[in-house]
Structures are given as structure tokens and as C-alpha cells.
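Fold and contact review
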Amino acid sequence: MNIRHCIEPTDLSRAEVEQLISLAKDMIAHPNMYKEVCRGRKLATLFYEPSTRTRLSFTAAMMDLGGEVIGFADAKSSSVSKGETVADTIRVVSNYVDIVAMRHYKEGAPLVASQYGSVPVINAGDGSHSHPTQTLTDLLTISRELGRLDNLVIGLCGDLKYGRTVHSLINALSMFEGIHFVLISPDNLKLPDYMLSALRESKNITYTESKEIESVISSLDVLYMTRVQRERFEDEQEYERCKDCFILDSNKMSIAKDKMIVLHPLPRVNEIHPEVDNDYRAAYFRQVGNGKFIRMALIYTLINIAEREKIKSVVGNELEFTNQQVPVLSSNYEKTEKVCSNPVCISNSEPLFRLQVNKDGHILCPYCDNLIV
Ligand code: NCD
């Protein structure tokens, strides 16, 4: 069955992202119209890694559509503690629910789930790799606050190495026009090489790098602050050295544009001083609110597509979709004996085999995007 998943932001075309944003805006304007549309449907939240916002936001989203939610909030309370693979867990859970939201510390785990399950899978964050629903949240927020998603100067500040929200936002914005990123990070927290080389090759995106906020803030339309991702550091001392590398305060805000907005996926640690919260340009708590509505739009859309596909498989081909996309894994993936060198990639702990050989002979791991040779 040709069901759709949301594993990477680029699984959606620009037109589809815009459709989801319009749907979310309609849900914000007319919540009562949608309060029964998922009646009788179930969402499973499979969270193998801690979360407050994302899990509760998925739960609230499904409840506001009239649906129900089952799941677990940490790996210890699931069969993974008995050694069960993601592939087996999803085959089991697919029997109980209509859609799954999965967060996992292993990069590529939600992609594995989408390959082995029979219901739509939404990636709710996999390691340092990707976080597409946070990105959709960010895009809805920028669209609501600034009225556009093209022609923007966006400062990405903090942990650009481990911050999955930054990685996904960059990928998604590569579908839009006239985007310039200012990458603000210390040397040891710069974007991973695979992302920097994608940026260099991108036709739509330009970027510059900076080691401080002060010298660049006045040029920005959006300042996207991020937390230093303590849990992903192998060396605690290295974390201590860079944990307070950037702190946004009122002084710095005083030189920003009147229309600049500050975003943060939250949780915040020290990187935004609380005095900034009262500034009308601080949009991070409004961003949280948008997260629930964009997840409502995504859940509703993916369930609808899956149900129409189910009908199609029973009654034949009469129903057509206008926005059908190629499934995530296509025949471009060739078998190879090579294994991924990323220690937190799911392909090292589950019996998988498909790696992608690029035109130039490089092998990209399809699960975590790591460049293998
Ligand atoms: C982010 C995440 O989990 O990656 N938070 C979120 O989903 N709202 C950012 C973070 O943990 O720093």
C-alpha cells in the first residue's frame, strides 16, 4: 500500500508543506470544525527518548481531533529492554493503531519503522539527525509571524552539530527561495560535514558563518536559538566548555530589527535570558502553540491518505491523489556490504542492508545521512 510517512522534512514537497500550513491555520481559526474528524482513530506515541513538549503536543493534537492515544514515554517501559528490534515493535504496534509518532535515540529508527510497519509513521526526532514536525512548527510560526517563507535571513545559533531541529530546518528551507543562513556556533559545534557540503551545493541557499551574535543580529529576520545538546556529548568537560557560549539578552536584542523574531524549539537552558521573554519579538512560546496545530494537520492528512489507499486496494483504482509522492526508499538504493560508521545509527543494531550509492560513487547512509566513503 502506498501510504505516506513523515520521516524527513523533504518527504514533503513545497506545495505539500504549504497545504499543511494552510490546514493548520484553518484549524487555528475553526477548531470546532475538526474536533471529531479522527473519532475512532488511534495514535501510538513510541518515545524511546525523553520529551515533554513533543509527546504532549502529539497527544493533545490527536485528542483535539477526537482521536485517542496509546504508547510509552521511555524505552525502559517497552520491550526494547527485552531486546526487541524497532522492526518487530512496529509490526506489532501497527495492529493496534492508525498512525505512529516515534522518537528514538538511534538515527534512522523511524525510517526503519516506516519500512516494516503498515501504518503511517511520523518521526518525532531521531538522535541528532532529524525532527520534521519541529520544522513544520517553525515554518508555520515564521509564516504566521512574518507572512512569508521566501527571502529570509535566518541566524541559526548554538549547537549546530548535534541539534536535529537545525538540520531539519535547513533541509526544509532548501525548498524555498532566497534563503540566507548565518551559522553562529563555536568551532566544535559547527554543522556536520554532510550538511555543510549539501549547503555548498544548494542552488537556493547561501550561508555565512559567525562566532558571535552581536556582529550579525542586525541583519536577521529570524534568530533561531538552540540549546547545547548535553546528552549527545561523549566528553562532559567539552560540554562544560561550550555550554554558555551564546546568551541572547536585551542588549543584543536592542540592535536587532523591529520585525526580527526569536525562535527556540525549547527546552531552553541558559541561551536566552528570561528578560527577553517580554520582548514582543520573542516568539518561542507562540511557536509551541503552533506545534500542536501543525501536528493536527499532519496526523489528519496522513490518516486520510492511508485510509483512501486502503479503500483503493479494495475497490480498485478509481480514487486518485493529486499530491502523491515517491516513497522514501526507491530502487535507487543498492545493496552493499559496507556498514555505516556512525555509532548511533540504527543500521548498526538492526539487520538492515540498503545503502545508497550516489552518482559520484559516495555512499550515503539512508538512515542517518552519514557519508560512508
Ligand atoms: C528539541 C528536540 O527534542 O530536539 N526539542 C523539541 O522537540 N521541542 C530541541 C532540544 O531538545 O534541544
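Residues numbered from 1 in each chain as written. Predicted model: local features only at pLDDT ≥ 70, side-chain atom pairs only at ≥ 80, totals over all residues. Heavy atoms only, no water.

**Notes on the overall build of the protein chain**
Here is the rule: A run of DSSP states H or I qualifies as a helix once it reaches four residues; a run of E qualifies as a strand once it reaches two. Both are numbered from the N-terminal end. With the radius of gyration taken over C-alpha atoms, the globule rule is written as 2.2 Å times the number of residues to the power 0.38. Each residue's exposure class comes from its accessible area (1.4 Å probe, protein chains only) as a fraction of the maximum for that residue type: buried when under 20%, exposed when over 50%, partly exposed otherwise. Any pair of residues with heavy atoms lying within 4.5 Å of one another is described as a contacting pair.
Tallying secondary structure elements over the protein chain gives 10 helices and 12 strands in all. Against the globule reference of 21 Å for 373 residues, the protein chain gives a C-alpha radius of gyration of 20 Å, in line with a compact fold. In the protein chain, which comprises 373 residues, the proportion classed as buried is 54%. Residue pairs at least 24 apart in sequence account for 72% of intrachain contacts in the protein chain once pairs closer than 6 positions are excluded.

**What to know about the sheet that holds strand 1 (residues 42-47)**
Under the convention used in this document: Pairing between strands is defined by DSSP: at least two bridges between them are needed. For helices, the fitted line uses only the C-alpha atoms of the stretch in contact; every axis is such a line through C-alpha atoms, and the angle between N-to-C directions lies from 0 to 180 degrees.
Across the sheet, which stays open at both edges, the four strands sit in the order 2-1-3-4 with parallel pairing between neighbours. Each edge of the open sheet carries a strand with a single partner, namely strand 2 (68-72) and strand 4 (121-126). Averaged over all neighbouring strand pairs, the angle between strand axes comes to 15°, with direction disregarded. Sheet topology places strand 3 (residues 99-104) next to strand 4; four bridges connect them, and they run parallel. Within strand 4, the position partnered with His 104 by the bridge is Asp 126.

**Quick word on unusual backbone geometry**
For the bond running from Leu 266 to Pro 267, omega is 10°, close enough to zero to count as cis. Tracing the backbone through its elements, the reader meets Pro 267 in the loop between strand 9 (261-263) and helix 10 (284-315). Despite not being glycine, Leu 266 has its phi angle at roughly 65°, a positive value. Within the fold, Leu 266 resides in the loop between strand 9 and helix 10. Judged by relative accessible area, Leu 266 falls into the buried class, the value being 12%. With a phi angle near 70°, Asp 369 is a residue other than glycine that sits in the positive phi range. By relative accessible area, Asp 369 is classed as buried at 18%.

**What to know about the side chain of Thr 141**
In this fold, Thr 141 is placed in helix 5 (residues 132-146). Excluding residues within four positions of it along the chain, Thr 141 makes contact with Leu 263, Ala 283, Gln 287 and Asn 290.

**Some points on the packing of helix 1 (residues 14-29) against helix 5**
To keep things clear, this is the line we draw: Roughly parallel means an angle under 35 degrees; roughly antiparallel means over 145; roughly perpendicular covers 65 to 115; every other angle is labelled oblique. Each crossing is labelled by how the near helix is turned from the far one, with a counterclockwise turn of less than a right angle marking it left-handed and a clockwise turn marking it right-handed. Each residue is assigned to one of three groups, with Ala, Val, Leu, Ile, Met, Phe, Trp, Tyr, Cys and Pro labelled nonpolar, Asp, Glu, Lys and Arg labelled charged, and all others, Gly among them, labelled polar.
One way to put it is that helix 1 packs onto helix 5 with a least axis distance of 10 Å and a crossing angle of 70°. Taken together, helix 1 and helix 5 sit at an angle that is classed as roughly perpendicular. Every pair of crossing elements has a handedness; the one defined by helix 1 and helix 5 is right-handed. Here Val 17, Leu 20, Ile 21, Ala 24, Lys 25 and Ile 28 of helix 1 lie close against helix 5, whose contacting residues are Leu 136, Leu 139, Leu 140, Ser 143 and Arg 144. Of the residues in the contact of helix 1 with helix 5, the class split is eight nonpolar, one polar and two charged.

**Focus: helix 2 (residues 53-64)**
The test is simple: By definition here, a helix of n residues has an expected span of 1.5 Å times n minus one.
Here helix 2 is 12 residues long and its end C-alpha atoms lie 16 Å apart, about the 16 Å a rise of 1.5 Å per residue gives. Residues of helix 2 that are buried: Thr 54, Ser 57, Phe 58, Thr 59, Ala 61 and Met 62. Packing partners of the buried residues in helix 2 comprise strand 1, strand 2, strand 3, strand 4, helix 5 and helix 10. At the exit of helix 2 stands Gly 66, carrying a positive phi of roughly 90°.

**A look at the sheet that holds strand 5 (residues 152-157)**
Strand order in this open sheet of five strands is 7-6-5-8-9, and the pairing throughout is parallel. Single-partner strands in this sheet number two, and they are strand 7 (205-210) and strand 9. Shown here is a sheet whose adjacent strand axes are inclined to one another by a mean of 20°, direction ignored. Bridge count between strand 5 and strand 6 (residues 179-184): six bridges; the pairing is parallel. Across the sheet, residue Cys 157 finds its bridge partner in strand 6, namely Ile 184. This element, helix 7 (residues 193-201), spans strand 6 and strand 7 of the sheet and lies at about 130° to strand 7.

**As for the site of the ligand**
Operational definition: We call a residue near a molecule or strand when any one of its heavy atoms sits within 4 Å of it. Whenever two N or O atoms come within 3.5 Å, that pair is a polar contact, provided that in protein one can donate a hydrogen and the other can accept it, and provided that, for residues adjacent in sequence, both atoms are side-chain atoms. The protein chains shown are the only cover counted for residues, whose accessible areas, like all others here, come from Shrake-Rupley with a 1.4 Å probe.
Residues in contact with the ligand, as listed here, are Arg 53, Thr 54, Arg 103, His 131, Gln 134, Arg 164, Thr 165, Arg 227, Gln 229, Pro 265, Leu 266 and Pro 267. In the environment of the ligand, an oxygen atom lies 2.7 Å from a nitrogen or oxygen atom belonging to the side chain of His 131. In the model, a nitrogen atom of the ligand is placed 3.4 Å from a nitrogen or oxygen of the Gln 134 side chain. Contact with the protein chains removes 94% of the 320 Å² of surface that the ligand exposes when unbound. Of all the secondary structure elements, the ones that give two or more residues to the shell around the ligand are helix 2 and helix 6 (164-173). Residues of the shell around the ligand, tallied by class, amount to three nonpolar, five polar and four charged.

**Some details on the packing of helix 6 against helix 7**
For the pair helix 6 and helix 7, interaxial distance at closest approach is 11 Å and the crossing angle is 20°. In terms of axis orientation, helix 6 runs roughly parallel to helix 7. Considering the relative orientation of helix 6 and helix 7, their crossing is left-handed. For the pair formed by helix 6 and helix 7, the contact residues are His 167, Ile 170 and Asn 171 on the first element and Tyr 194, Met 195 and Leu 199 on the second.

**Details of the packing of aromatic side chains**
Worth spelling out the cut-off: Any two rings among Phe, Tyr and Trp, with Trp reduced to its six-membered ring, count as a pair given centres within 6.5 Å; such a pair is stacked if its planes are under 30 degrees apart, edge-to-face if over 60, and tilted if neither. Working rule: Lys NZ or Arg CZ, within 6 Å of ring centre, within 35 degrees of ring normal, means a charge sits over the ring.
With the rule as written, the count across this model stands at five aromatic pairs. Consider the rings of Tyr 162 and Phe 233, whose centres lie 5.2 Å apart with planes at 55°: the pair is tilted. One end of the pair, Tyr 162, is in the loop between strand 5 and helix 6; the other, Phe 233, is in the loop between strand 8 (222-225) and helix 8 (236-242), and 71 residues separate them in sequence. For the pair Tyr 162 and Phe 233, a shared accessibility class is recorded, and that class is buried. Summarising the aromatic geometry, the rings of Phe 233 and Tyr 239 are spaced 5.7 Å apart at their centres and angled 70° between planes, so their arrangement reads as edge-to-face. Three or more aromatic residues link up through ring pairs in this structure, and these residues are Tyr 162, Phe 233 and Tyr 239. Residue placement shows Lys 292 over the ring face of Phe 293; its charged tip is 4.7 Å from the ring centre. We note Arg 295 situated over the ring of Phe 58; from NZ or CZ to the ring centre the distance is 5.0 Å.

No statement about biological role is implied by the geometric values presented.
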